Amino acid sequence: VWQFNAAAGWIRRDVPLFSKASAVLTDLVSRALKNVRGRSNIAAARRISLERAGWGPKHAKAWEDIRQGLMQTITSSYRDRRKRACLFSDASTTGWAYVVTQCDKAELEKPWAEQHHEILTVHSGRFSETQRNWGMPSKEAFPIRKAAECERTLLLGDLPWVSVNDHRSLAF
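Residues numbered from 1 in each chain as written. Predicted model: local features only at pLDDT ≥ 70, side-chain atom pairs only at ≥ 80, totals over all residues. Heavy atoms only, no water.

What to know about the overall build of the chain
Point 1. Looking only at helices and strands, the chain has seven helices and four strands in total.
Point 2. Counting from the amino terminus, the chain carries its helices and strands in the arrangement α-α-α-α-α-β-β-β-α-α-β.
Point 3. Principal-axis analysis of the C-alpha atoms gives the chain an extent of 60 × 35 × 25 Å.
Point 4. For the chain, the residues scored as buried account for 35% of the 172 residues in total.
Point 5. Long-range pairs, those at least 24 residues apart, make up 65% of the contacts in the chain with a sequence separation of at least 6.
Point 6. Summed over its atoms, the accessible surface of the chain is roughly 10,900 Å², and 54% of this surface lies on carbon and sulfur atoms.
Point 7. Between the mean site of the 27 positive side-chain charges and the mean site of the 18 negative ones, the chain shows a separation of 10 Å. (Helix = DSSP H or I, 4+ residues; strand = E, 2+ residues; numbered from the N terminus. Buried < 20%, exposed > 50% of the residue type's maximum accessible area, 1.4 Å probe, protein only. Contact = heavy atoms within 4.5 Å. Areas by Shrake-Rupley, 256 points an atom, 1.4 Å probe, with all protein chains shown as cover. Lys, Arg positive; Asp, Glu negative; His and termini not counted. Charge placed at Lys NZ, Arg CZ, Asp CG, Glu CD.)

Okay, structure coming up:
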């Protein structure tokens, strides 16, 4: 479980909502290794059976979600500076996610269902214990800030980038 989760983490940016399923497996491994000596040792993890670790249906579902995600990884496009970058973000009480796309300027004038966007990157994560205490406006703003810091090269171009989210306090 530990090796599968760690290996899948290498392409986490191409697997939508990877962190949600990965968190379930990470928690299982952490609990299983809690009282084991040399817990950073891979050999220690191999000695623990799934049954003894508490493997259940939610763990099997998380494993399958990651496996399916790996088989359907997102194919991303290359950045075309003449197109407008769009940042779609959302957050819940426990996690956050964003998608950076690009589209022709005229696409944004069409209804949502008719727009054609090319995916540039996808990223998601869980809030830390401290971050879980934030109010919803701060949680909704977090993936926007994270994307602006981490995806600067994808957001910058000939046209200003657009941020799309579902939180009223962030609309301007």
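Quick notes on the environment of arginine 31
Point 1. If you trace the backbone, arginine 31 turns up in helix α2 (residues 18-33).
Point 2. As a C-alpha pair, arginine 31 and glutamine 115 span 84 residues in sequence and 45 Å in three-dimensional space.

Observations regarding the side chain of glutamate 151
Point 1. Along the chain, glutamate 151 turns up in the loop between α6 (136-150) and α7 (152-155).
Point 2. Assessed through its relative accessible area of 5%, glutamate 151 is described here as buried.
Point 3. Once you skip the residues sitting within four places of it in the chain, glutamate 151 turns out to touch Arg13, Tyr98, Val100, Thr121 and Lys146.

A short note on the packing of aromatic side chains
Point 1. For the coordinates displayed, the defined rule picks out seven aromatic pairs.
Point 2. Look at phenylalanine 127 and phenylalanine 142: their rings are 5.7 Å apart centre to centre, the planes differ by 65°, and that puts the pair in the edge-to-face class. Highlighted residues: phenylalanine 127 in the loop between β3 (118-126) and α6 and phenylalanine 142 in helix α6, separated in sequence by 15 residues. Side by side, phenylalanine 127 and phenylalanine 142 carry an identical accessibility label, which is buried. (Phe/Tyr/Trp six-rings, centres within 6.5 Å; stacked < 30°, edge-to-face > 60°.)

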